[in-house]
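Understanding the architecture of this molecule
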Amino acid sequence: MKRVNEGQLPVAIIGGGPVGLAAAAHLVKKEEPFILFESGDGAGSSIKEWSHVRMFSPWQYNVDAAAKELLEASGWEAPDDQELPAGKELIERYLLPLSSLPAIKKNILLQAKVTGIARKAHDKLKTGKRDSAPFQIYVDVEDSTELFEARAVIDCSGTWTNPNPILSNGIWTKSERTLRDRIHYGIPDIQKQGSKYKNKTIAVVGSGHSAINGLLELARLKEEYPDTAIHWILRKKHISEVYGGQENDGLPARGELGIRIQQLVESGAVEVLTPFHISKVQSVNGKLALIGELNGEEMSIGDIDEIVAGTGFRPDTAFLHEVRLQLDAAVESAGELAPLIDPNIHSCGTVRPHGEKELRQPEKDFYIAGMKSYGRAPTFLLATGYEQVRSIVAYLTGDKEGAKEVQLELPETGVCSTNIQSSCCVSDTMAASAGQESCCGPAVVASLELKNL
């Protein structure tokens, strides 16, 4: 184990996705030292897993202002604001050029997985002089664990690698973990994986954008391979609840998603089972079975070959056990942020602008930003994360007034509200069949974010 970064302590950023790199861009503009830890082999490594998915938020919402300024100074040509990028384009046209800027690239450590964060000489219990102690960050790099120190930490690690289980009560079971090779979490690339699903019986679980996109892609496969059977399993009282704003959506491509899924349901190509609450998944004679309740009566859905889980993602706080966090009991976001983003109340477009103050934790100068900051809420858009880190960086660099002046304009929508847990995206092939270019910011995955993204 060794310690690096002598001299002035940097701000540590965890995650090299869109929001982590936006934080880096703002720190560059403030001439503030930083170090960025990315567990993958390049910028946006999680986005590579949904590179085939096209976002329904256009470029104007997906490029951070500080990042754009730095890129344009290097000769970068910005994409058309109204175009809708796929995950692959988000990486190639934006994240890779941004991460390659000399002022940012020299501060990025790739294939570096953060495994623990604490205050120097302090465990969680010790209070004396805690706020003045530097953060110590333990990072797995190649075959060793290295120790870094930082004056502040911005955790932008996202949620993509931590999906929700398919059980309705949110519990992971041994049987589900054992069967993960037959369960795809997110949106499968049907063009590449079609042989896995053609003429098979597939259960799609979830009511959000990930599930809807999976259904639309599988329906296209069914047109070519009619023996493909599709079950849609969700918990809504009425299927109409998932159709969203349609023609009234502030993002037309997202509205189109609701229109197309309604048409698919009404065509009879998909068997809808709702409200179905899954209590168990198991293997029976080489097939999968989902056991639960449909309208309050016990029911088993058997003879399933594959499951597509569009059940969303949740934050991983395992490496933050020695950090003093205050997370909302339900949403799992910062306590002050939770009532602003609760999906039982808010949609993507009704979230009030927020920044450093709402993201502040009991641990001084420690922040969770981006998709992870939303906990289990699916209402995150990239533009929200960019404003978060702008405000955080302003505060950390002494611009208290700038940190308070939070402004954010988002398109109205009713699609991302009330227990929808998804990545808010649509695939290229689905978009093409709709005659337009397509879907959301991950929840970013986003965008998702794609929480993720």
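Described below are features of the structure shown in this document. These numbers were taken from a predicted model, which means no experiment stands behind them.

**Section: the sheet that holds strand S2 (residues 34-37)**
Here 5 strands make up an open sheet; going across it, the order is S4-S2-S1-S8-S17 and the pairing parallel. Edge positions in the sheet fall to strand S4 (108-109) and strand S17 (366-368), since each of these pairs with one other strand and no more. Taken together, the 4 bridges between strand S1 (residues 11-14) and S2 define a ladder with parallel strand orientation. Residue pairing across strands places Ala12 opposite Ile35, the latter belonging to S2. On the sheet, helix H11 (residues 382-396) packs against S1, strand S8 (152-155) and S17 and is oriented at approximately 180° with respect to S8.

**Comments concerning the packing of aromatic side chains**
Two measures describe an aromatic ring pair: the distance that separates the ring centres and the angle between the ring planes. Per the stated rule, a full pass over the model turns up 7 aromatic pairs. Measuring from centroid to centroid gives 6.5 Å for Trp76 and Tyr94, while their planes differ by 45°, and the two rings are tilted. On the criterion of sequence distance, the pair formed by Trp76 in the loop between helix H2 (65-73) and helix H3 (87-99) and Tyr94 in helix H3 is long-range, its members being 18 residues apart. Across the pair, exposure class does not vary: Trp76 and Tyr94 are buried alike. Among the aromatic residues, those joined into a cluster by ring pairs are Trp59, Trp76 and Tyr94. The side chain of Arg119 reaches across the aromatic face of Phe135, ending 3.9 Å from its centre.

**Some words on the side chain of Glu387**
Among the secondary structure elements, Glu387 is positioned in helix H11. Judged by its relative accessible area of 11%, Glu387 is buried. In this structure Glu387 touches His354, Glu405, Val406, Gln407 and Leu408, once residues within four positions along its chain are discounted.

Cut-off values and rules
Residues numbered from 1 in each chain as written. Predicted model: local features only at pLDDT ≥ 70, side-chain atom pairs only at ≥ 80, totals over all residues. Heavy atoms only, no water. Pairing = 2+ DSSP bridges. Helix = DSSP H or I, 4+ residues; strand = E, 2+ residues; numbered from the N terminus. Contact = heavy atoms within 4.5 Å. Axes fitted to C-alpha atoms, helices over the stretch in contact; angles between N-to-C directions. Phe/Tyr/Trp six-rings, centres within 6.5 Å; stacked < 30°, edge-to-face > 60°. Buried < 20%, exposed > 50% of the residue type's maximum accessible area, 1.4 Å probe, protein only. Lys NZ or Arg CZ within 6 Å of the ring centre and 35° of its normal.

Keep in mind these numbers describe shape, not what the thing actually does.
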